[in-house]
Amino acid sequence: MLRDPATKYRPFPPVDLPDRRWPSATIARAPRWLSTDLRDGNQALIDPMDAEKKTRFFDLLVKVGLKEIEVGFPSAGATEFDFISGLIRDDRVPEDVQVQVLTQSRRDLIERSFASLEGAHSAIVHLYNAVSPAWRKIVFGMSRDEVKRIAVEGAKVLRDEAAKRPNTRWQFEYSPETFSTAELDFSLEVCEAVAEVLRPTPEAPIIFNLPATVECATPNVYADQIEWFARHLRQRDAAVISLHTHNDRGTGVAAAELGIMAGADRVEGCLLGNGERTGNCDLVTVALNMYTQGVDPALDLSDIDAIVKTVEYATNIPVHPRTPYAGDLVFTAFSGSHQDAIKKGFAAQSARNDGLWEVPYLPIDPADLGRSYEAVIRVNSQSGKGGVAWVIEQDKGLRLPKRLQADFSRHVQALADETSRELNAADIWGAFERAYLPGAGDRFVLRDYDERGAAGERVFVGRIAIDGEERSLSGRGNGLISGVIAALADSTGPTLDVVDYAEHAIGHGAGAQAAAYLECRTPDGRIVWGVGIDSDIATASVRAVLSAANRA
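Reading the values: the criteria
Residues take numbers from 1 onward in each chain, read along the sequence in its written order. Totals for whole chains, interfaces and linings use every residue, but because this is a predicted model, local features are given only for residues with pLDDT of at least 70 and side-chain atom pairs only at 80 or more, for both listing and counting. In computing side-chain values, all of the structure's heavy atoms are included and hydrogens and water are not. A helix here means a DSSP run of H or I that spans at least four residues, while a strand means a run of E at least two residues long, and both kinds are numbered starting from the N terminus. C-alpha atoms define the radius of gyration, and 2.2 Å times the number of residues to the power 0.38 defines the globule rule. Think of it in three bands: with a 1.4 Å probe and only protein chains considered, a residue is buried below 20% of the maximum accessible area for its type, exposed above 50%, and partly exposed in between. Whether two residues touch is decided by their heavy atoms; if any such pair falls within 4.5 Å, the residues are in contact. Each patch is built from residues that are more than 30% exposed by relative accessible area and take part in no salt bridge. Like charges join if they lie within 9 Å; nonpolar side chains (Val, Leu, Ile, Met, Phe, Trp, Tyr) join within 5 Å. Note on areas: Shrake-Rupley with a 1.4 Å probe; residue coverage comes only from the protein chains shown. The rule for a salt bridge is simple: a side-chain nitrogen of Lys or Arg has to be within 4 Å of a carboxyl oxygen of Asp or Glu. Counting of polar contacts relies on pairs of N or O atoms within 3.5 Å, with two restrictions inside protein: one atom must be capable of donating a hydrogen and the other of accepting it, and residues adjacent in sequence are counted only when both atoms are side-chain atoms. Each helix should span, by expectation, one fewer than its residue count multiplied by 1.5 Å.

A. Representation of the overall build of the protein. Along the protein, the regular secondary structure elements total 17 helices and 14 strands. A compact globule built from 552 residues should have a C-alpha radius of gyration of about 24 Å, whereas the protein, at 34 Å, is more than 25% larger. Each of the three principal axes of the protein carries a C-alpha extent, and together these read 105 × 60 × 45 Å. Every one of the 552 residues in the protein was classed for burial, and the buried ones make up 52%. When contacts within the protein are restricted to residue pairs at least 6 apart in sequence, long-range pairs at least 24 apart make up 65% of them.

Here you go:
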């Protein structure tokens with residue numbers, strides 16, 4: 001890398017727009033969406049989609065709610081042409097969906113594109129040619145007038161080919177390709193010339209797509225370009241301004257959002273951002289960004305995992321686990337402090353009655369996208385007591401007291417360090433069983449018991465196996481728990497002092513069980529915990545005492 005990159009690279013010039021309005025605008029409604037997954041996305045693949053994959057992807061786009069779908073580049077070859085014409089021939093395009101095809105501004109390619117759409121009830125033909133200085137000088141060796149003439153001649157062919165097919169409702173789109181690196185006045189001049197040929201009206205507007213073919217500036221510059229164009233376009237009411245951002249600088253989504261604020265009506269992109277080089281605008285991210293601001297994106301993304309599965313199958317590109325909204329790990333917390341905040345957030349959320357979503361670290365409710373809460377908190381060596389307690393509660397219904405959470409987290413941390421991997425719910429439950437529930441090698445095992453006496457003067461009588469030998473024990477106390485402790489103290493058991501006790505039901509109805517948690521102090525000052533689970537709360541309490549005795 002150069003120590004002085006200015007000797008090789010020039011900063012992008014700002015747009016002279018001192019009274020820009022977009023910074024104070026907000027996004028209040030969804031734009032028109034166009035998916036270009038089957039065209040721009042497809043041409044970016046190492047192995048382009050075959051007809052079966054494209055058909056499956058097309059069906060997904062329709063299901064999600066896309067009303068405008070760019071289905072291909074019909075003049076590229078027989079595969080593209082046959083797929084597009086097959087969609088129409090097989091009546092796979094719903095009445096409320098417009099398919100779109102892309103063509104360069106050449107007569108033979110335009111004619112081929114119209115032929116692929118023969119019989120369509122409604123379609124968009126998208127014409128483009130590059131207009132920026134680098135393309136004019138380096139690629140084409142043409143003047144401004146020559147480049148504009150290419151656009152105008154293509155527009156005339158569009159007009160004439162559409163006239164031959166009056167049974168189809170046609171809409172035209174024109175892209176001054178490389179708009180973001182072209183002179184604004186020239187892009188406007190070419191678009192105005194195209195409009196003069198096609199004669200758009202407010203009832204039948206032309207689509208002017210203003211692409212950031214290569215992203216070369218910060219998103220605010222693109223927004224300035226969009227606002228400047230919209231303010232200078234003569235027939236603004238007869239035009240739909242469309243955005244087509246790329247992600248070369250990593251800000252394709254931001255550029256699209258600022259472009260909407262600058263007055264654009266339509267956004268082109270791919271469902272999860274696939275596209276040439278670093279990708280196209282990610283439509284899922286833009287749409288769900290709106291959703292989290294209370295704006296209906298007019299797309300159904302409620303089964304995000306099915307969308308990811310189909311996109312990965314069709315493109316053979318895995319979706320990164322940190323992809324916004326769609327990645328496997330975007331709603332997952334491993335860090336202890338994050339887990340604690342999320343756990344408290346869910347508890348507070350359940351107590352709300354206004355329906356508003358407010359959970360730390362989760363800008364959207366995972367359930368809105370078909371994700372389960374069980375996947376939100378996952379445990380590894382970075383996790384804390386809150387995360388461990390969340391997993392136990394979600395998986396087994398146990399609501400561990402806070403100090404028991406801290407005690408148990410030590411066991412989980414030891415297991416995580418030992419295994420050097422993420423722990424699943426089964427791992428955590430196994431650690432809990434080993435730490436607190438009856439198991440082989442326990443010194444005290446309950447066989448049977450009875451409780452007698454009046455309130456405040458209870459007698460525990462039980463049969464307990466001690467070191468494998470079954471014995472009859474009895475103890476007197478002001479309640480069942482103190483009676484069990486007294487019975488153990490009178491035998492060879494430990495002396496325990498109760499510090500705290502908690503209990504709750506697990507589940508509902510006749511099959512519900514009960515959990516009892518007992519915190520005790522031994523004569524030498526150690527704290528030990530006991531846990532008991534049984535269909536009867538009294539028996540669960542007895543088991544909790546024996547559990548603590550075994551730990552002591």
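On we go from here.
B. Expanded view of a nonpolar patch on the surface. A surface patch of nonpolar side chains, about 380 Å² in accessible area, is lined by I138, V139, F140 and M142. Tracing the backbone through its elements, the reader meets V139 in helix α5 (residues 133–140).

C. A look at the side chain of S541. In this fold, S541 is placed in helix α17 (residues 537–551). Within polar-contact distance, the side chain of S541 engages the side chain of Y501 at 2.7 Å. What S541 contacts, discounting residues up to four positions off in sequence, is I481, Y501 and A516.

D. Highlighting helix α7 (residues 184–198). Here α7 contains 15 residues, and its C-alpha end-to-end distance of 21 Å stays within 8% of the 21 Å for a straight helix at 1.5 Å per residue. α7 sits mainly inside the fold: twelve of its 15 residues count as buried. Among all positions in α7, only L184, F186, S187, L188, V190, C191, E192, A193, V194, A195, V197 and L198 are buried. On its buried side, α7 packs onto α5, α6 (144–163), β5 (169–177), β6 (206–212) and α8 (219–232). The positive-phi residue at the C-terminal boundary of α7 is R199, with phi of around 50°.

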